[in-house]
Amino acid sequence: VSILSKDIILLMHFFSFLYIFFFSVVAASDLNIRSIIVLENNVPSECGLSFETADIVSKVTIKKNKNGTSTVFDVQSKNEILKNVNIITNSVDLLELLNGKVMASKKVLIESVTNEDDTSNFFQELLIGGANILFNNKKIEIIGPIDSKVRLEYLFCTGEMFLPNYN
């Protein structure tokens, strides 16, 4: 093994240690994922996903309202003050999409009118490729693809919500 290879191996071990030290990873088996469907006059008005562990309940939804379509990020901690929360897919950072900031609290609620293409991309990546939920110094890995029942409920909900005859 060359000296360069040994240096690379040492660096990899160092960064692995840092990762483990700074982020506590919650096992995927401890994650409960559900679809969210809110009806108004039998027509979906809000569609999304809920992620629950022993520590937090995190919801990300889209809502139709008078201003267009908004994206909602709602997180509640069961035990600790949230100083940092986010959901990051392969290419989308939810806080950047929402142009939001987290204020230290046990409950974080951020809602913003978002670009529909970027929002669709976020949900597509989340449903198929998974994502990471970050809160404080913990990381919850959402392994994609998400359960087919949850995916189908979300897709049915959004399909109905955006039918032209419901505008």
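Quick caveat: nothing in here was measured; it's all calculated off a predicted structure. (Residues numbered from 1 in each chain as written. Predicted model: local features only at pLDDT ≥ 70, side-chain atom pairs only at ≥ 80, totals over all residues. Heavy atoms only, no water.)

## Things to note about the pattern of salt bridges
If you walk through the whole model with that rule in mind, you get six salt bridges. A salt bridge links arginine 34 to glutamate 52; its shortest N-O distance comes to 3.7 Å. You can see arginine 34 sitting in strand β2 (residues 32-40) and its partner glutamate 52 sitting in strand β3 (residues 43-52), a full 18 residues away along the chain. Of the residues examined, glutamate 52 reaches a relative accessible area of 26% and is grouped as partly exposed. Linking glutamate 80 and lysine 138 is a salt bridge whose minimum nitrogen-to-oxygen distance equals 2.7 Å. Of the two residues, glutamate 80 sits in the loop between β5 (68-77) and β6 (85-88) while lysine 138 sits in strand β9 (residues 138-143), which places them 58 residues apart along the sequence. Relative accessible area serves as the criterion here: at 16%, lysine 138 is assigned to the buried category. Members of the salt-bridge network, linked through shared partners, are Arg34, Glu52 and Lys78. (Salt bridge = Lys/Arg side-chain N within 4 Å of Asp/Glu carboxyl O. Helix = DSSP H or I, 4+ residues; strand = E, 2+ residues; numbered from the N terminus. Buried < 20%, exposed > 50% of the residue type's maximum accessible area, 1.4 Å probe, protein only.)

## Focus on the state of the cysteines
Tallied over the full model, the rule gives one disulfide. Two residues, cysteine 47 and cysteine 157, share a disulfide whose sulfurs are 1.9 Å apart. Because the sign of the S-S torsion sets the handedness, a value of about -80° for the bond joining cysteine 47 and cysteine 157 places this disulfide among the left-handed ones. Here cysteine 47, found in strand β3, pairs with cysteine 157, found in helix α4 (residues 148-161); they are 110 residues apart in sequence, far enough to count as distant. Relative accessible area serves as the criterion here: at 0%, cysteine 47 is assigned to the buried category. (Disulfide = S-S within 2.5 Å.)

## A few points about unusual backbone geometry
A cis amide bond, omega -5°, links glycine 144 with the succeeding residue proline 145. When you line up the elements, proline 145 lands in the loop between β9 and α4. With a phi angle near 55°, asparagine 41 is a residue other than glycine that sits in the positive phi range. The topology assignment puts asparagine 41 in the loop between β2 and β3. The backbone of asparagine 42 sits at a positive phi, close to 65°, despite the residue not being glycine. By the element assignment, asparagine 42 lies in the loop between β2 and β3.

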